[in-house]
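Residues per chain, in single letters:
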Amino acid sequence: MKILVLNTGSSSVKYQVIEMEGEVVLAKGIVERIGLPGSRLKHRKGTDDVVVEKDVKDHNEAINLIFTYLTHEEYGVISSPEEIDAVGHRVVHGGEKFTSSVLITDEVLEMIRDCIPLAPLHNPANLAGIEAIKRALPQVPMVAVFDTAFHQTMLPFSYMYALPYELYEKYKIRRYGFHGTSHRYVSQKAARLMGERIERLKIITVHLGNGASMAAIKFGKSIDTTMGYTPLEGLYMGTRCGNLDPAIPLAIQRELKINYTQVDHLLNKKSGMIGISGLSSDMRDLEEASSKGNQRAKLALEMYTYMVKKYIGAYSAAMGGLDVLVFTAGIGENSSFVREKSCEGLNYLGVVIDKERNREVVGGKEGEISSKGSKIKVLVVPTNEELVIARDTKAIMDGKTPD
Ligand code: ADP
């Protein structure tokens, strides 16, 4: 079975074609800058890369261009688009309606549309991807895999905000959490690596990429997560501020005399690593600058690792203990510095890092970085959201319930 996985943003479409027999990625790529000057396709088949500079007006043209290269004489991996058995779509927000991945029907499309107020930038883009595939491949079944679904097991005392209750009833303002496919995948993989059933484990997953979030996963279910109503809450990130005193955006608006959209931009695009350091939103740049003595880069790193450490403590308390701590995504998979500093001083919890192992497990490797005597296992598990989408899509095609 060949599955096309799509991650459609407002100006980009990422794709992978996965042969489910052996779970092999046949081709992958991205169409960038859709509807903007300088749009292009980057396509990879095996180790062969091709970059195509071409005007791409909208998502329909992007999908057509992708199929042109998937069926290309030299760079193609299928002889016709009909060879695709099913398409799995990443959908950012499933609100309270979706607790797992689903086959896309007209009713499901309507329900995804109903979630637009919760994700006004993301869901319309995801829907544009679904519509474009419907036009290109009307007969092919499609599955929606939601970023929020895995966290729907949270209980009201962990997902409610202490705001007037009507805001929840009327506008569904509550914590949803994101990166659900990643937290689900790495927690399940961690349990397998330990040879334990996930139903017996208390796991904290630490997803540190450009976006970053942590989750408390008790006996296989997400009971809390750092991102909230939007991905802005919780850990601070490349350009997002994370937790703040809620009065601060009001003060910024008042002091800078800027409007709602400008405050939104400041909190989402100008804060976090770039805001504190004034240098970069990329962790590699901060580590380098800090090692050369840049004080603001150093401060940014101290704040970052302190915040991860605080949540490890909070989530251990929330679960009544901890068995496994899992690091993943760009920073979690590569920065031995961030992992070591985030775990520093957690011996009292039973977390002890083996510094040498920690330095070795980088560059997409999987492995244990805790020392032999550590009561808590600390693992690095590279995430693979596309594979989860493909697996869920296959499970639904096979008439099975996804994990
Ligand atoms: P996205 O959320 O866009 O998928 P990624 O998971 O790719 O992001 O993570 C991107 C982050 O990972 C960037 O901050 C980048 O600096 C960081 N990163 C990648 N490689 C390294 C490395 N070797 N050391 C430290 N940080 C790294």
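Quick caveat: nothing in here was measured; it's all calculated off a predicted structure. (Residues numbered from 1 in each chain as written. Predicted model: local features only at pLDDT ≥ 70, side-chain atom pairs only at ≥ 80, totals over all residues. Heavy atoms only, no water.)

**Overview of the packing of helix α6 (residues 180-194) against helix α15 (residues 385-397)**
Remark: α6 packs on α15, axes separated minimally by 9 Å, with the N-to-C direction vectors making an angle of 90 degrees. The angle between the axes of α6 and α15 places the two elements in the roughly perpendicular class. Where α6 approaches α15, its residues Thr181, Ser182, Arg184, Tyr185 and Arg192 are matched on the opposing element by Glu385, Leu387, Val388, Arg391 and Asp392. Along the lines of polarity and charge, the residues of the contact of α6 with α15 split into three nonpolar, two polar and five charged. (Axes fitted to C-alpha atoms, helices over the stretch in contact; angles between N-to-C directions. Helix = DSSP H or I, 4+ residues; strand = E, 2+ residues; numbered from the N terminus. Parallel < 35°, antiparallel > 145°, perpendicular 65-115°, else oblique. Contact = heavy atoms within 4.5 Å. Nonpolar A, V, L, I, M, F, W, Y, C, P; charged D, E, K, R; others polar.)

**Digging into helix α2 (residues 106-114)**
Considered for burial, the residues of α2 that qualify are Val108, Leu109 and Ile112. End-on view of α2: buried residues confined to an arc of 105 degrees, all on one side of the axis. The exposed residues of α2 that point more than 90 degrees off its buried face are Asp106 and Glu107. Looking at the buried positions of α2, the neighbouring elements they touch are β6 (86-91), β7 (102-103), α3 (122-136) and β8 (142-146). (Buried < 20%, exposed > 50% of the residue type's maximum accessible area, 1.4 Å probe, protein only. Arc of directions from axis to C-beta.)

**Quick look at the environment of Asn294**
Positionally, Asn294 belongs in the loop between α10 (283-291) and α11 (295-319). Spatially, the C-alpha atom of Asn294 lies 45 Å from that of Ala144, the residues being 150 residues apart in sequence. In this structure, Asn294 is in contact with Leu279 and Ala289, ignoring residues within four places of it in sequence. Polar side-chain contacts of Asn294 include one of 3.0 Å to the backbone nitrogen of Arg296. (Polar contact = N/O pair within 3.5 Å; in protein donor to acceptor, adjacent residues only side chain to side chain.)

**Focus on the environment of Gly330**
Looking at the secondary structure, you find Gly330 in helix α12 (residues 329-334). Beyond its immediate chain neighbours, meaning those up to four positions away, Gly330 contacts Leu208 and Gly209.

**Side note on the sheet that holds strand β11 (residues 221-225)**
With mixed pairing, the six strands of this open sheet are ordered in space as β11-β10-β9-β12-β14-β13. Edge positions in the sheet fall to β11 and β13 (367-368), since each of these pairs with one other strand and no more. Both strand β12 (residues 324-328) and strand β14 (residues 377-380) contribute to a ladder of four bridges, which runs parallel. Within β14, the residue paired with Val326 across the bridge is Leu379. (Pairing = 2+ DSSP bridges.)

**As for the nonpolar core**
In terms of nonpolar packing, the biggest core is built from 41 residues, with Ile204, Leu208, Met214, Tyr304, Ile312, Leu325 and Val351 touching the most fellow members. Mapped by element, the contributors of at least two residues to this core are β9 (202-208), β10 (212-218), α10, α11, β12, α13 (336-343) and β14. If one sorts the elements of this core by residue count, α11 sits on top with ten residues. Those residues in contact with Leu208, other than ones at most four positions away along the chain, are Leu235, Tyr304, Val308, Phe327, Thr328, Ala329, Gly330, Ile331, Gly332 and Val338. (Core = buried A, V, L, I, M, F, W, Y, C linked by side-chain atoms within 4.5 Å.)

**A word on the environment of Ile130**
Take Ile130: it is sitting in helix α3. On the basis of relative accessible area, Ile130 is assigned to the buried category, the value being 0%.

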